[in-house]
Amino acid sequence: MDDFEKDFNQFKSIRMESIANTIIYGSEDYKKLMLESDRLFTELCTYVEPEGMNLLMDYCNVVTLLQGIAESVMYEQGLRDGIKFNKEYSS
């Protein structure tokens, strides 16, 4: 990975975290869904045998990583679209 890509990925990470902290986490809809997600996960854990907990946690981690990749791809595409739009309409 070259320095530009490394720096860009760091920028994306910081920017996406900033957006999450200032906009998403303040959303009432987000807060409600997080509470429901926590409640459902806790309930689900009562049905999982102790030996299945590692598998369940691994699954949750993979789903979280998939969501992170999707968010990153969408952010990059939005940035590309914004730059393209700006070039087309600033001329």
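Residues numbered from 1 in each chain as written. Predicted model: local features only at pLDDT ≥ 70, side-chain atom pairs only at ≥ 80, totals over all residues. Heavy atoms only, no water.

Caption draft 1: Looking closely at the confidence of the model for the protein chain. Averaged over all residues, the pLDDT of the protein chain equals 89, while 98% of them reach at least 70. By mean pLDDT, the top-scoring element of the protein chain is helix H2 (residues 28-47) (94), and the lowest-scoring one is helix H1 (residues 3-24) (84). (pLDDT = per-residue confidence, 0-100. Helix = DSSP H or I, 4+ residues; strand = E, 2+ residues; numbered from the N terminus.)

Caption draft 2: Quick peek at the pattern of salt bridges. Evaluation of the coordinates by the stated rule reveals 5 salt bridges. Between Lys12 and Glu76 there is a salt bridge, and its shortest N-O distance comes to 2.1 Å. Of this pair, Lys12 sits in helix H1 while Glu76 sits in helix H3 (residues 53-90), and the two are 64 residues apart along the sequence. Judged by its relative accessible area of 4%, Lys12 falls in the buried class. Assessed through its relative accessible area of 22%, Glu76 is described here as partly exposed. Glu43 serves as the salt-bridge partner of Arg39, at 3.0 Å between the closest nitrogen and oxygen. Taken as a pair, Arg39 and Glu43 lie in helix H2 at a separation of 4 residues, close to a single helical turn. (Salt bridge = Lys/Arg side-chain N within 4 Å of Asp/Glu carboxyl O. Buried < 20%, exposed > 50% of the residue type's maximum accessible area, 1.4 Å probe, protein only.)

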